[in-house]
Amino acid sequence: MTPTPWTPPAWYPEELDTAGPEHLDPAFVAGFDRKQGYPDPAEDLAALRTAGVGADATVIDLGAGTGRFAFAAAREFGRVVAVDVSPAMVAHLRERADEVAKGLGARVPIVVRGGFLSYRHEGPPADAVHTRHALHQLPDAWKAVALTRIAGMLRPGGILRLRDLILDFRPAEAEERLNAWLAEAPDPETDPDVDPRTRYVRADYIEHLRTEHSTFRYLLEAMLDDAGFEVLDADFPHPVFGAYTCRRR
């Protein structure tokens with residue numbers, strides 16, 4: 001069953017306005033995986049398996065992007081729905097799904113245009129939701145709404161795998177920690193070998209901090225709790241990046 005579009009209330013934010021203009025650009029989408037560093041979905045798939053998500057599971061990938069997780073998940077789970085708000089991303093996902101299905105006869109994800117606030121799941125509740133580096137597009141109030149909506153898509157005991165830019169320090173430390181993060185960033189102004197077309201650079205980090213919505217860890221964990229999630233595992237390899245595996249209570 002392919003989910004049908006849902007029109008949210010007029011007072012909901014327009015998710016296209018929060019998606020980041022580059023994600024709406026077909027030229028950017030064409031080079032997206034390269035700039036992301038071709039992220040390997042193996043760790044997130046393993047986290048779902050460890051949490052008990054089985055081979056017949058229904059899995060939703062919110063903010064699916066170009067589908068690196070969704071296409072890998074479609075080979076492991078019974079039904080995968082790849083959801084993205086960007087028309088350019090959705091076009092890329094559908095084209096890739098057609099190519100994979102024709103070329104290999106492999107299972108592919110169902111592709112749906114929608115966002116955290118507008119996707120409406122139909123059919124039995126999902127067994128798992130995955131989202132990677134997408135929730136930060138929403139301000140905190142709407143993150144809380146999005147997490148509550150995600151809980152509503154899941155069966156009791158269902159799993160959320162959340163990976164994002166999350167601030168693992170207190171607000172009083174923000175200037176020191178964020179300046180240190182920026183100091184780590186590659187910068188074409190000081191290194192001519194750095195190509196901003198193929199990797200994220202200092203200017204991208206600054207743009208993220210100025211226009212997007214990373215959340216302090218202690219606030220995000222309060223939102224998860226309020227939405228009805230138990231945190232099973234939290235991994236922060238860097239003060240600005242983290243991943244959670246959560247179970248719906």
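Computed from a predicted model, the values in this text were never measured in an experiment. (Residues numbered from 1 in each chain as written. Predicted model: local features only at pLDDT ≥ 70, side-chain atom pairs only at ≥ 80, totals over all residues. Heavy atoms only, no water.)

This part is about the packing of helix H8 (residues 174–184) against helix H9 (residues 202–211). Remark: H8 packs on H9, axes separated minimally by 8 Å, with the N-to-C direction vectors making an angle of 150°. By the angle class used here, H8 and H9 are roughly antiparallel. Read as a crossing pair, H8 and H9 show a hand that is right-handed. Residues Leu178, Trp181 and Leu182 of H8 touch H9, and the partners they reach there are Arg202, Tyr205, Ile206, His208 and Leu209. Looking at the contact of H8 with H9 residue by residue, the classes come out as six nonpolar, one polar and one charged. (Axes fitted to C-alpha atoms, helices over the stretch in contact; angles between N-to-C directions. Helix = DSSP H or I, 4+ residues; strand = E, 2+ residues; numbered from the N terminus. Parallel < 35°, antiparallel > 145°, perpendicular 65-115°, else oblique. Left-handed = near helix turned anticlockwise from the far one by under 90°. Contact = heavy atoms within 4.5 Å. Nonpolar A, V, L, I, M, F, W, Y, C, P; charged D, E, K, R; others polar.)

For the structure shown, the criterion picks out nine aromatic pairs. Taking 6.3 Å as the distance between ring centres and 35° as the angle between the ring planes, the aromatic pair formed by Trp11 and Trp142 counts as tilted. With Trp11 in the segment before helix H1 (15–18) and Trp142 in helix H7 (residues 140–153), the pair connects residues that are 131 residues apart, well separated along the chain. Judged by relative accessible area, which is 62%, Trp11 ranks as exposed. (Phe/Tyr/Trp six-rings, centres within 6.5 Å; stacked < 30°, edge-to-face > 60°. Buried < 20%, exposed > 50% of the residue type's maximum accessible area, 1.4 Å probe, protein only.)

Let us now look at the environment of Ile60. With respect to the helices and strands, the residue Ile60 is situated in strand E1 (residues 58–62). Sequence separation between Ile60 and Arg248 is 188 residues; the distance between their C-alpha atoms is 15 Å. In this structure Ile60 touches Val81, Val83, Tyr119, His121, Ala126, Ala128, Val129, His130 and Met153, once residues within four positions along its chain are discounted.

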